[in-house]
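Spelled out from the first residue to the last, the chains are:
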Amino acid sequence: YPMISGANEFRQANMILSEVMDNLREEKIAFDENIPIGSMIEVPSAALTADHLAKEADFFSIGTNDLVQYSLAIDRDNEKVAFMYCPAHPAILRLLKMCIEAAEDNNIPVTMCGEMGSELEYIILLLGLGLQQFSISSPILIPAIKKIIRSITYEEAKEIAEKVLRFTQPEESINYLKKVTDKIIPVL
């Protein structure tokens, strides 16, 4: 479900889905009775209550474009403020960590969609936070992403993520991550 703000909304959406399933059964229309139901994590309230949502959902998909925009109150399409849109903001990194940990703690898969998963300098950070699946916007990035993933251990990625989480300025995070990534794939 997109734009879920918390567990109550998730339950309400499930009630509607249940009604639709009942109607399909009555009309004898075949459907997948065991379809996994997940929540997009796109708004701050969903991220902050990810531990509750993870008890209800079969999976999470973190929508970074909207999560960054709504968390930082930045319209990424408004040229006057778009420069302030920053996935490396410490608040965003903490929200991502919370969501991934909530999913792990509840044994549900978590994926990521959005531009952050396609930016090479964030790959090691995301792996270090525990993310194992993310979508990318362009297949041309696959070889570079594979090279990054194959060039580092999970423990190394985890140490890098822990260091980045201690930074207080987004620029520190970006510069450090670019430096680490440039050692694997020179000149991003």
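Shown above is the structure to which this text applies.
Notes on the structure in this doc start here.

**Focus on the sheet that holds strand 3 (residues 110-113)**
Point 1. Within the open sheet, the four strands sit side by side as 1-2-3-4. Their pairing is parallel. The sheet is open, and its two borders are formed by strand 1 (38-41) and strand 4 (133-134), each paired with just one other strand.

**Digging into the pattern of salt bridges**
Point 1. For the structure shown, the criterion picks out five salt bridges.
Point 2. The closest approach of N and O atoms between Glu56 and Arg11, which form a salt bridge, is 3.0 Å. Taken together, the residues span a long stretch of sequence, with Glu56 in the loop between helix 3 (50-53) and strand 2 (59-63) and Arg11 in helix 1 (residues 7-26) at a distance of 45 residues.
Point 3. A salt bridge links Arg76 to Asp66; its shortest N-O distance comes to 3.6 Å. A residue pair is termed long-range when its members are at least 10 positions apart, and Arg76 in the loop between helix 4 (64-72) and helix 5 (90-105) and Asp66 in helix 4 qualify at 10 residues.
Point 4. Classification of Arg76 by relative accessible area gives partly exposed; the value is 29%.
Point 5. When salt bridges that share partners are traced, they join Asp22, Arg25 and Glu33 into one network.

**Some thoughts on the packing of helix 6 (residues 120-129) against helix 7 (residues 142-150)**
Point 1. Following both chains from N to C, one finds helix 6 and helix 7 inclined at 40°, their axes separated by 10 Å at the closest point. Overall, the two elements helix 6 and helix 7 adopt an arrangement that is oblique. The two elements helix 6 and helix 7 meet at a crossing, and its hand is right-handed. Residue-level inspection shows Leu120, Ile123, Ile124 and Leu127 of helix 6 in contact with helix 7, the latter providing Ala144, Ile145, Ile148 and Ile149.
Point 2. Tallied by class, the residues present in the contact of helix 6 with helix 7 amount to eight nonpolar, no polar and no charged.

**Some remarks on a negative patch on the surface**
Point 1. A contiguous patch of negative charge, built from Glu155, Glu156, Glu159 and Glu162, is present on the exposed surface.
Point 2. For Glu156, the position within the fold is in helix 8 (residues 154-166).
Point 3. Overall, the relative accessible area of 38% leaves Glu156 in the partly exposed class.

**Digging into the nonpolar core**
Point 1. Phe60, Leu96 and Leu125 are the most contacted members of the largest nonpolar core, which totals 58 residues.
Point 2. Those residues within four positions of Leu96 in sequence are excluded, and the remaining contacts are Ile62, Thr64, Leu67, Met112, Met116, Leu126 and Leu129.

**Focus on the packing of aromatic side chains**
Point 1. Counting across every chain of the model gives two aromatic pairs.
Point 2. Centroid distance Tyr1 to Phe10: 5.2 Å. Interplanar angle 70°. Geometry classified as edge-to-face.
Point 3. Relative accessible area serves as the criterion here: at 25%, Tyr1 is assigned to the partly exposed category.
Point 4. By relative accessible area, which is 0% here, Phe10 ends up buried.
Point 5. Measuring from ring centre to ring centre gives 5.7 Å for Phe167 and Tyr176, while their planes differ by 70°; the resulting arrangement is edge-to-face. The same class applies to Phe167 as to Tyr176, namely buried.

Here is what the cut-offs are and how they apply
Residues numbered from 1 in each chain as written. Predicted model: local features only at pLDDT ≥ 70, side-chain atom pairs only at ≥ 80, totals over all residues. Heavy atoms only, no water. Pairing = 2+ DSSP bridges. Helix = DSSP H or I, 4+ residues; strand = E, 2+ residues; numbered from the N terminus. Salt bridge = Lys/Arg side-chain N within 4 Å of Asp/Glu carboxyl O. Buried < 20%, exposed > 50% of the residue type's maximum accessible area, 1.4 Å probe, protein only. Axes fitted to C-alpha atoms, helices over the stretch in contact; angles between N-to-C directions. Parallel < 35°, antiparallel > 145°, perpendicular 65-115°, else oblique. Left-handed = near helix turned anticlockwise from the far one by under 90°. Contact = heavy atoms within 4.5 Å. Nonpolar A, V, L, I, M, F, W, Y, C, P; charged D, E, K, R; others polar. Patch = residues over 30% accessible without salt bridge, like charges linked within 9 Å, V, L, I, M, F, W, Y side chains within 5 Å. Areas by Shrake-Rupley, 256 points an atom, 1.4 Å probe, with all protein chains shown as cover. Lys, Arg positive; Asp, Glu negative; His and termini not counted. Charge placed at Lys NZ, Arg CZ, Asp CG, Glu CD. Core = buried A, V, L, I, M, F, W, Y, C linked by side-chain atoms within 4.5 Å. Phe/Tyr/Trp six-rings, centres within 6.5 Å; stacked < 30°, edge-to-face > 60°.

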